[in-house]
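Geometric and topological summary
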Amino acid sequence: MRAATATRRTAARPAGSGRRRRRSVRTTLVALAMLSPALIALVLMRVVPMISAVSESFRHVSLATGASEFDGLSNYTYLLTDSGFHSVLVVTLVFNLVLNPAIVLLSTALALLTAQRLPLVGLWRSMIFVPAAVPGAVVALIWSTALQPDGLVNALLEVVGLPPQPFLTSASQAAFSIGIMVTWGALGYWMIFVIAGLKDIPDSLYEAAALDGAGWWRRLFSITLPLLKRPMAFVLIACTVGSFLLFAPVQILTKGGPNGSTNLIMFDIYNRTYLLGDVGVGQAEVVILMLLLAVIVAVQFRLLREEKA
Amino acid sequence: MRRSRGGTVVLTAAAILAALAVFLPVWWVFVSSTRPGNSYVENMTPLSWLAFVPVGGDLTNYSGLLSGPFLTGLFNSFLVAGLTIALGLAIAVPAAYALATIDFPGRGVVFTFIVVVAMIPFDAIAIPLSSLFQDWHLSDSYAGLVLPALANGFAIFVLRQFFLGIPAELLEAAEVDGLGRIATLWRIVLPLSKPALIGAGMMLFLSQWQAYLWPLLIGTSPERQLAPIALANLSTLFTVDLGQIFAGSFVLTIIPMVLLLFFQKQYTESLSTTGLKG
């Protein structure tokens, strides 16, 4: 964040003392007027629902009467002792532990490749970026057809002589299949951030390394990757947050099945709140999700910062 | 960096292979969308070249879509995305301009607040917000669909970074010429800021075009469904017409693709701003 650069510019304006105070009150009012629609929107659409989730999570809503009453920690104790919720947590954590590093590595590899000076490289980069524009629900629909018994993927498997796979209908392959479609939809998007990081590395470093006779691999491991740590850390964190909130493919394709193997936390929250009508428990799960995300982001920040020092 | 000729050939081949592999599903969806009904299957087992070459097809799937709920959905998606861009920029531009050019007490706090709130992932609070919208009588309305997307802290951030780069002398000169703050913003700053406006506009557009959970929760009656919801509903019908799913998927993909074709540079530059300087 660079608030400092902004201060330098406007602080230098000269003004008389009395006039200055009147002027500064006026400019403050003008600034607040310009900011207020944005601030009101952010408070009502982001902060208030967060607070409401916390307060609702301590209440119980009667399905019969619709009356809501304070219920202490019972929504939390219910969730934390519910074996269904335990398996949701395990599925969500394992899914993320595999998916996010894979996305970071693949998007970095693609960024390194398409940042090279190659014939028509802009076209190849744009083709890799295309899925980033496809809405998540459409990604799910495209891949559900591609992963059908007579879909694209099985047809290609047949060409190379492999047997057809059940994919979304198998408990052991469904989560993997969802991982594939998410990776496909996300790669090009995160690649952009790594490319931006690559462009920030000064050419002089590479020139110096070339003079010292460092080869391609040496330059990759001694210059490029260390200096990419910041954008890669950003991608890992942002991508983790996105993957924890994955919802569309589960809701459209698997409804958490087969056998709960794709019951990721966002779908479980939706399921408990709307399909089972358990609003208090759903809100408690929203709060747990936000706490979980805060912890994971904080840990990732800490780890990546220490590595840098 | 100098590279051997062989190296260039290998890297180019790798880039082409990666691009084709990523692009193949989209292309397959397009070709399959020209095969009426479920007849695309005939080209799949065994895999025929007709699965990837759009000859001999027709547009029946597209005309089929036009008579169903998908058309209403598409209209709603355009309406909601258009309103989001217009109102979102109308909110973000003055906020960003105030943050970038007016020195007022508490500016640092306000800016930090905007950045921190922008990092609250929307989908995490979508479910609590939807119960609030019920209390506020906003569910199942266009206002309900548009409002949450207007609170876009990243758009403010991108615009602020851009405004900071406009030379202070230019703004001072405008002031000396007796141009008011709003007139300076409108007549001097905005015409210079097209890349940032396009970038922030694309962010607002895509945030709405890609939304699924929120429109599912809020646009509940068929007249207010957005296109992705209408399409997903088609896919869960008892007898699925996959041809229409292909056609609808392709329509929802080609629209942002065309926009990116024109605005990819501004959009990706804005994205990188949020990533690296945040």
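Every chain is numbered on its own, with residues counted from 1 as its sequence reads. Starting at A for chains and at 1 for ligands, labels are handed out in the order in which the entities are written. Local features in this predicted model are restricted to residues of pLDDT 70 or higher, and side-chain atom pairs are both shown and tallied only at a pLDDT of 80 or more, whereas totals for entire chains, interfaces and linings draw on every residue. Water and hydrogen atoms were dropped before computing side-chain values, which therefore reflect all heavy atoms in the structure.

Moving on, we get to the overall build of chain B. A helix here means a DSSP run of H or I that spans at least four residues, while a strand means a run of E at least two residues long, and both kinds are numbered starting from the N terminus. In terms of regular secondary structure, chain B is built from 13 helices and zero strands. Beginning at the N terminus, the succession of helices and strands in chain B can be written as α-α-α-α-α-α-α-α-α-α-α-α-α. In terms of overall dimensions, chain B has C-alpha extents of about 75 × 65 × 30 Å along its principal axes. When each of the 278 residues of chain B is scored for burial, the buried share is 56%. Burial classes follow relative accessibility: with a 1.4 Å probe on protein chains only, a residue under 20% of its type's maximum area counts as buried, one over 50% as exposed, and anything between as partly exposed.

For this analysis, a ring pair means two rings from Phe, Tyr or Trp (six-membered ring only for Trp) whose centres lie within 6.5 Å, classed as stacked if their planes differ by under 30 degrees, edge-to-face if by over 60, and tilted for the remaining angles. For the structure shown, the criterion picks out 26 aromatic pairs over all chains. Seen in terms of ring centroids, A:Tyr189 and A:Trp190 are 4.8 Å apart; in terms of plane orientation they differ by 80 degrees. Their pairing is edge-to-face. Using a relative accessible area of 24% as the deciding quantity, one classes A:Tyr189 as partly exposed. Aromatic pair B:Phe111 and B:Phe157: ring centres 5.9 Å apart, planes at 15 degrees, arrangement stacked. Residue B:Phe111 is located in helix α4 (residues 107-118), and its partner B:Phe157 is located in helix α7 (residues 153-164); the two are separated by 46 residues in the primary sequence. Its relative accessible area of 5% is what places B:Phe111 among the buried residues. Put simply, the rings of A:Phe247, A:Phe267, A:Tyr270, A:Tyr274 and B:Tyr212 touch in pairs and so form one group of aromatic residues. Criterion for a charge above a ring: Lys NZ or Arg CZ within 6 Å of the ring centre, and within 35 degrees of the ring normal. Over the ring of B:Phe111 we find B:Arg160, and its NZ or CZ is 3.8 Å from the ring centre.

Our focus in this paragraph is the nonpolar core. Residues A:Leu35, A:Trp143, A:Leu289, B:Leu159, B:Phe163 and B:Tyr212 are the most contacted members of the largest nonpolar core, which totals 187 residues. For this core, the leading source of residues is helix α3 (residues 69-101) of chain B, giving 14 residues. By nonpolar core is meant a set of buried Ala, Val, Leu, Ile, Met, Phe, Trp, Tyr and Cys residues that side-chain atoms within 4.5 Å join together.

On to the interface of chain B and chain A, then. A contact between two residues is defined here by any heavy atoms of the two lying within 4.5 Å. The interface is formed by 105 residues belonging to chain B together with 93 residues belonging to chain A. Values labelled buried area give the accessible surface lost by two parts on being combined, using a 1.4 Å probe and summing over both. Interface of chain B and chain A: buried area, both sides summed, is about 8600 Å²; carbon and sulfur atoms make up 74% of it. The rule for a salt bridge is simple: a side-chain nitrogen of Lys or Arg has to be within 4 Å of a carboxyl oxygen of Asp or Glu. Counting across the chain B and chain A interface gives zero salt bridges. Among the elements that line the side of chain B that touches chain A, the one with the most residues is helix α13 (residues 242-276) of chain B, at 17 residues.

On to the domain arrangement of chain A. Residues and elements named next belong to chain A. Boundaries between domains were set according to an automatic or database domain assignment. For chain A, the domain assignment lists domain 1 (15-70) and domain 2 (82-308). Just the C-alpha atoms count here: the centres of domain 1 and domain 2 sit 34 Å apart. Between domain 1 and domain 2, the residue contacts involve eight residues of the former and nine residues of the latter. Interface area, domain 1 with domain 2, both sides summed: about 600 Å², of which 73% is carbon and sulfur.

The next thing to look at is a nonpolar patch on the surface. A cluster of nonpolar side chains, A:Val90, A:Val94, A:Leu97 and A:Val98, forms an exposed patch at the surface whose accessible area comes to about 410 Å². Within the element layout of this structure, A:Val94 appears in helix α4 (residues 83-114). In this analysis, a patch consists of residues with relative accessible area above 30% that form no salt bridge, clustered at 9 Å for like charges and at 5 Å for the nonpolar side chains Val, Leu, Ile, Met, Phe, Trp and Tyr. A 1.4 Å probe and the Shrake-Rupley method give the accessible areas. Residues count as covered only by the protein chains that appear here.

What follows is about the side chain of A:Thr240. All names here are of chain A. With respect to the secondary-structure elements, Thr240 resides in helix α11 (residues 229-244). What makes Thr240 buried here is its relative accessible area of 5%. At 3.3 Å, the side chain of Thr240 and the side chain of Gln300 are in polar contact. The residues contacting Thr240, other than those within four sequence positions of it, are Asn96, Asn100, Val235, Ile296 and Gln300. Any pair of N or O atoms that falls within 3.5 Å is considered a polar contact. Within protein, one atom must be able to donate a hydrogen and the other to accept it, and sequence-neighbouring residues count only if both atoms are side-chain atoms.

Looking now at the domain arrangement of chain B. Much of the literature gives interface size as the accessible area that the parts lose upon coming together. Segmentation of chain B into domains returns domain 1 (5-58) and domain 2 (65-238 + 263-276). For domain 1 of chain B and domain 2 of chain B, the distance between their C-alpha centroids amounts to 35 Å.

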